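Architecture and fold: a report
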Amino acid sequence: YLKFWNKNRLSRARDINLTPIQVSTLASIVNKESFNKHERPIIAGVYMNRINKKIKLQADPTVIYSIKKKEKNFKKIIKRVFFRDLNLDSKYNTYRYYGLPPGPICMPDISSIDAVLNYRKHDYLYFVANPNKPGFHSFSKNLREHNYYRKIYLNWLKKIK
């Protein structure tokens, strides 16, 4: 732990106004959002923008964690979050509560932690899976644009059923 949180990483965490545990918590969400290491700094940037603007994170992985925690079944496979799931009362549910959850939702890998510490600065506030480019996301600066990409994703979901 002390080797990992060296002067450089601790300085970087201070620069972005997060503690090491907050970095790890956000990194755990980023880790679950994408297996694509190249997108992780962009996703981390979306969440940092939302934190800085005091917008709920609305991260699906936190809802999935909340469901598993409530059911005491962390082996359960959840492939999709539904609107009904967003109402689950859990401090980990970032659709209900502002800011970071009380702790990590998984053990983030180093690339996710470094993605948070070196998040990409941009104006994006939203993202959704891109069905035309599996493993990637479509990023948006406003809700109108996000809803456009979301509609493409939802139409794709209907086709694959």
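Bear in mind that the values here come from a model prediction, so they are computed numbers and not experimental data.

Reading the values: the criteria
- Residues numbered from 1 in each chain as written.
- Predicted model: local features only at pLDDT ≥ 70, side-chain atom pairs only at ≥ 80, totals over all residues.
- Heavy atoms only, no water.
- Helix = DSSP H or I, 4+ residues; strand = E, 2+ residues; numbered from the N terminus.
- Expected span 1.5 Å × (residues − 1).
- Buried < 20%, exposed > 50% of the residue type's maximum accessible area, 1.4 Å probe, protein only.
- Contact = heavy atoms within 4.5 Å.
- Salt bridge = Lys/Arg side-chain N within 4 Å of Asp/Glu carboxyl O.

1. Regarding helix α2 (residues 20-33)
Counted at 1.5 Å a residue, the expected span for α2 with its 14 residues is 20 Å, and the 20 Å between its end C-alpha atoms agrees. Of all 14 residues in α2, eleven are buried, a share of seventy percent or more. All of the buried residues in α2 are P20, V23, S24, T25, L26, A27, S28, I29, V30, N31 and E33. Buried residues in α2 make contact with α1 (7-15), α3 (40-52), α4 (60-71), α5 (110-117), β1 (126-129) and β2 (137-140).

2. Examining the pattern of salt bridges
For the structure shown, the criterion picks out four salt bridges. The residue R9 makes a salt bridge to D114 at a minimum N-O spacing of 3.0 Å. Within this pair, whereas R9 is found in helix α1, its partner D114 is found in helix α5, the two being separated by 105 residues in sequence. Taking the relative accessible area as the measure of exposure, R9 reaches 16% and is therefore buried. Judged by its relative accessible area of 23%, D114 falls in the partly exposed class.

3. Some words on the environment of K91
On the secondary structure map, K91 appears in the loop between α4 and α5. Under the relative-accessibility criterion, K91 is labelled exposed at 54%. For the pair K91 and A129, spaced 38 residues apart in the sequence, the C-alpha separation amounts to 25 Å.

None of this, on its own, says anything about what the molecule does.
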